[in-house]
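# Notes for the structure review
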Amino acid sequence: RLAAICIFLFYSTLPLLAEEPAALRGVALVIGQSDYRHIAPLPNPENDARDIEQLLEDLGFDVTGVTDRDAKKLRRDLERFAEDAAGADVAVIYYSGHGIEAGGENWLVPVDADLSSLEALDRSLVPLSGILDQLRANVPLTVFLIDACRSNPFPPNALARKGGEAVSISGAGLGTPRGFASIEPSATDQVGTIIGFAAEPGRPALDGEPGSNSPYAAAILRHLSAMAGSEFGLVMRMVTEEVYLKTKTRQRPWVNESLRKQLFFGEPGTLPEGEAGIITGERRKLLLTIASLPSPERQQVEEIAAK
């Protein structure tokens, strides 16, 4: 019953042919990096990780949660997760913490990073594309949610070295690293890959009020927990609009996906009864309607809604 109710369900969308939804085995790794020792600490990633971990457990995932990992532990956590995920149907990684773009690669920043870490990125930070490649080779469906787009925590104009070569660091946010701009299914992919960034490439994301959640984590918690049985793409479009309006148009999440099948969370749920149900249902319709508008009209509506 737990598998039937909670775990990811997906089915093929061949014309005129719908298969019965199949319950899948899902695994997840949730990482929160708050207590940075030598660069600006972040108050909310630990909260984000705890709440996202509970959400994924409620959805039926086998979840591993870790916080405040140094370079050695973070690299080991990711490598072990990629190995243990072999045989699962769905692998999800959620990361909240510092991240930078340098030399065409996105890097997750461990809590022991300092200015000297830039002299050897390959050894001191953790590249995002490496773990993505490993998971795509081992798991039919990979979902990577990255709330790591805060402003560059290192001094302005600092240079880094990647493989001995000097590279510049993006001033804000993460970039579009190898394989993210246009993801193509690999030979081992049976379903596909989804990568969600908290903000558009090159733009910073907000951390939120101390003691709460980041805007991105808050929107994921709101919509994934309430949208049982909804197609994942619809949910992420609502997350995007929620964050964009809540941050008064300062932050727009970005999703890159390559899916061969539609993806659903759990089983269809029911709206609350009475006025609460009506308001919730209409609010979801509004977010989806805004998201589907052509760019000029959407921008106009978003600016009005933000006010």
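Conventions used here
Residues numbered from 1 in each chain as written. Predicted model: local features only at pLDDT ≥ 70, side-chain atom pairs only at ≥ 80, totals over all residues. Heavy atoms only, no water. Helix = DSSP H or I, 4+ residues; strand = E, 2+ residues; numbered from the N terminus. Buried < 20%, exposed > 50% of the residue type's maximum accessible area, 1.4 Å probe, protein only. Contact = heavy atoms within 4.5 Å. Areas by Shrake-Rupley, 256 points an atom, 1.4 Å probe, with all protein chains shown as cover. Phe/Tyr/Trp six-rings, centres within 6.5 Å; stacked < 30°, edge-to-face > 60°. Lys NZ or Arg CZ within 6 Å of the ring centre and 35° of its normal. Pairing = 2+ DSSP bridges. Expected span 1.5 Å × (residues − 1). Arc of directions from axis to C-beta. pLDDT = per-residue confidence, 0-100. Axes fitted to C-alpha atoms, helices over the stretch in contact; angles between N-to-C directions. Parallel < 35°, antiparallel > 145°, perpendicular 65-115°, else oblique. Nonpolar A, V, L, I, M, F, W, Y, C, P; charged D, E, K, R; others polar.

### A look at the overall build of the chain
In terms of helices and strands, the chain carries nine helices and 14 strands. When each of the 307 residues of the chain is scored for burial, the buried share is 51%. Residue pairs in contact within the chain that sit at least 24 positions apart in sequence constitute 75% of those at least 6 positions apart. Of the roughly 14200 Å² of accessible surface on the chain, 51% is carried by carbon and sulfur atoms.

### A short note on the packing of aromatic side chains
Counted according to the given criterion, the structure contains one aromatic pair. Ring geometry for Phe 197 and Trp 254: centres 5.2 Å apart, planes at 10°, overall stacked. One end of the pair, Phe 197, is in strand β12 (residues 192-197); the other, Trp 254, is in strand β13 (residues 254-259), with 57 residues separating them in the sequence. The exposure class of Phe 197 is buried, given its relative accessible area of 1%. When the ring centre of Tyr 244 is taken as origin, the NZ or CZ atom of Arg 252, which lies over that ring, is 3.8 Å away.

### Digging into the pairing of β12
Most of β12 sits inside the fold, with six of its six residues counted as buried. Burial along β12 is two-sided: Gly 192, Ile 194 and Gly 196 facing one way and Thr 193, Ile 195 and Phe 197 facing the other are all buried. Relative to β12, strand β9 (residues 141-147) runs parallel, the two being bridged by six bridges. Its bridge partner being in β12, Leu 145 is matched across the sheet by Gly 196. In this sheet, β13 lies alongside β12 in antiparallel orientation, the contact comprising six bridges.

### Observations concerning helix α3 (residues 71-84)
With 14 residues, α3 should cover 20 Å at 1.5 Å per step; its first-to-last C-alpha distance of 20 Å lies within 8% of that length. Within α3, the full set of buried residues consists of Ala 71, Leu 74, Asp 77, Leu 78, Phe 81 and Ala 82. Buried positions in α3, seen along its axis, are confined to an arc of 135° and lie on one side of it. Set apart from the buried face of α3 by more than 90 degrees, the exposed residues are Lys 72, Glu 83 and Asp 84.

### Quick notes on the confidence of the model for the chain
The predicted model of the chain averages 81 in pLDDT, with 81% of residues at 70 or higher. Considering only residues more than four positions removed or in separate chains, one finds that residues 1-18, a stretch of pLDDT under 50, has 46 contacts. Note on residues 177-185: pLDDT under 50 across the span, and 28 contacts to partners over four residues away in sequence or across chains.

### Some points on unusual backbone geometry
Positioned with a positive phi, Asp 68 is a non-glycine residue whose angle comes to about 50°. Summarising the element assignment, Asp 68 is placed in the loop between β4 (62-67) and α3. Of note in this structure, Lys 248 is not a glycine but carries a positive phi near 55°.

### Some thoughts on the environment of Pro 210
Inspection of the secondary structure assignment puts Pro 210 in the loop between β12 and α6 (215-226). Judged by relative accessible area, Pro 210 falls into the exposed class, the value being 63%. In the structure, Pro 210 is positioned 166 residues away from Asn 44 in sequence and 6.1 Å away in space, judged by C-alpha atoms. The contact partners of Pro 210, leaving out residues within four places of it in the chain, are Pro 43 and Asn 44.

### Examining the packing of helix α7 (residues 232-246) against helix α9 (residues 295-306)
The contact between α7 and α9 brings their axes to 9 Å, and the two run at 55°. It follows that α7 is oblique to α9 by the angle criterion. Contact with α7, carried on its side by Glu 241, Tyr 244 and Leu 245, involves Arg 298, Glu 302, Ala 305 and Ala 306 of α9 and no other residues of that element. Of the residues assigned to the contact of α7 with α9, the class counts are four nonpolar, no polar and three charged.

### Here we look at the sheet that holds strand β5 (residues 90-96)
Spatial strand order, β4-β3-β5-β9-β12-β13: six strands in an open sheet with mixed pairing. Both outer strands of the open sheet, β4 and β13, are each paired with one neighbouring strand and no more. Averaged over all adjacent pairs, the angle separating strand axes in this sheet is 5°, with direction ignored. Pairing of strand β3 (residues 26-32) with β5 involves seven bridges; the strand directions are parallel. If you follow Val 30 over to β5, its bridge partner there is Tyr 94. On top of the sheet, α3 reaches β3, β4 and β5; it is set at about 170° to β3, its chief contact.

### Some words on helix α5 (residues 128-138)
Taken as a whole, α5 has its buried residues at Leu 128, Ser 129, Ile 131, Leu 132, Leu 135 and Arg 136. End-on view of α5: buried residues confined to an arc of 160°, all on one side of the axis. Buried residues belonging to α5 abut α3, β5, β7 (105-108), β8 (126-127), β9 and β12.

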